[in-house]
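# Notes for the structure review
Okay, here's what each chain looks like letter by letter:
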Amino acid sequence: MTADDPIGRLEDDDYPAYTMGRAAEMLGTTPGFLRAIGEARLITPLRSEGGHRRYSRYQLRIAARARELVDQGTPIEAACRIIILEDQLEEAQRINAEYRRAAAERRPAGGEAAGGEPAGEPPATG
């Protein structure tokens, strides 16, 4: 994708294609809601050359999740914190899975860990 490829940019989840008004309309909410989740640092919209907020599809998905929680009665600040923590947990789980895969690839054939102990069991003390 190049800067001269407008179609490619529209397919990019991170491209800030939506104005605040359009984003609010798509989410069925108000611009004030988008400002509030921005103030809570859930999303940080990019700014156009004129200083107007612009949102990406990725940001709209996050905002939609916040709206679901708020519609269920969760205060907006709590909803934002929940989503942030969910994202951090997901990232930690992804990293943990990568470490486990890497460790499994380093393990010698036969299921033994380095040092001759069976994988998953603590070394014998004696």
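Notes on the structure in this doc start here. (Residues numbered from 1 in each chain as written. Predicted model: local features only at pLDDT ≥ 70, side-chain atom pairs only at ≥ 80, totals over all residues. Heavy atoms only, no water.)

## Considerations on the environment of Leu-46
Spelled out, the test is: Secondary structure elements follow DSSP: runs of H or I no shorter than four residues count as helices, runs of E no shorter than two count as strands, and numbering proceeds from the N terminus. Contact criterion: two residues are considered in contact whenever any of their non-hydrogen atoms come within 4.5 Å of each other.
Note that Leu-46 resides in strand β2 (residues 46-47). Sequence separation of Leu-46 and Ala-17 is 29 residues, and the distance between their C-alpha atoms is 9.8 Å. Not counting residues up to four positions away in its chain, the partners in contact with Leu-46 are Pro-16, His-52, Arg-53 and Arg-54.

## What to know about helix α5 (residues 76-106)
Owing to its 3.6 residues per turn, the α-helix aligns residues three or four sequence positions apart on the same side. Stated precisely, the cut-off is as follows: Expected span of a helix, by definition, is 1.5 Å for each gap between consecutive residues, and there is one gap fewer than residues. Using a 1.4 Å probe on the protein chains alone, a residue whose accessible area is under 20% of its type maximum counts as buried, one over 50% counts as exposed, and one in between counts as partly exposed.
Look at α5: 45 Å from first C-alpha to last across 31 residues, which is about the 45 Å you get at 1.5 Å a residue. Listing the buried residues of α5 in full gives Ile-76, Ala-79, Cys-80 and Ile-83. Looking at the buried residues of α5, the elements they touch are α3 (31-39) and α4 (57-71).

## Some details on the sheet that holds β2
Put simply, the test is: Strands were regarded as paired on the criterion that DSSP finds at least two bridges between them.
The strand order β1-β3-β2 describes an open sheet built from three strands, whose pairing is antiparallel. Of all the strands in the sheet, just β1 (18-19) and β2 have a single pairing partner and so form its edges. Taken together, the two bridges between β2 and strand β3 (residues 53-55) define a ladder with antiparallel strand orientation. Among the inter-strand pairings, Arg-47 is bridged to a residue of β3, identified as Arg-53.

## Comments concerning α4
The end-to-end C-alpha distance of α4, which contains 15 residues, comes to 21 Å, matching closely the 21 Å that a straight helix rising 1.5 Å per residue would cover. Taken together, the buried positions of α4 are occupied by Gln-59, Leu-60, Ile-62, Ala-63, Ala-66 and Leu-69. Here the buried face of α4 lies against β1, α2 (20-27), α3, β3 and α5. At the C-terminal side of α4, Gly-73 shows a positive phi close to 105°.

## Some thoughts on the nonpolar core
Counted only if it meets this: To define a nonpolar core, start from buried Ala, Val, Leu, Ile, Met, Phe, Trp, Tyr and Cys residues and group those joined through side-chain atoms within 4.5 Å.
In this structure, Leu-34, Ile-37, Leu-42, Ile-43, Tyr-55, Ala-66 and Ile-83 are the most contacted members of the largest nonpolar core, which totals 19 residues. For this core, the elements supplying multiple residues, two or more each, are α2, α3, α4 and α5. Contact partners of Leu-34, with chain neighbours within four places excluded, come to Met-20, Ala-23, Ala-24, Leu-27, Tyr-55 and Ala-63.

By themselves, these observations are geometric and do not establish any function.
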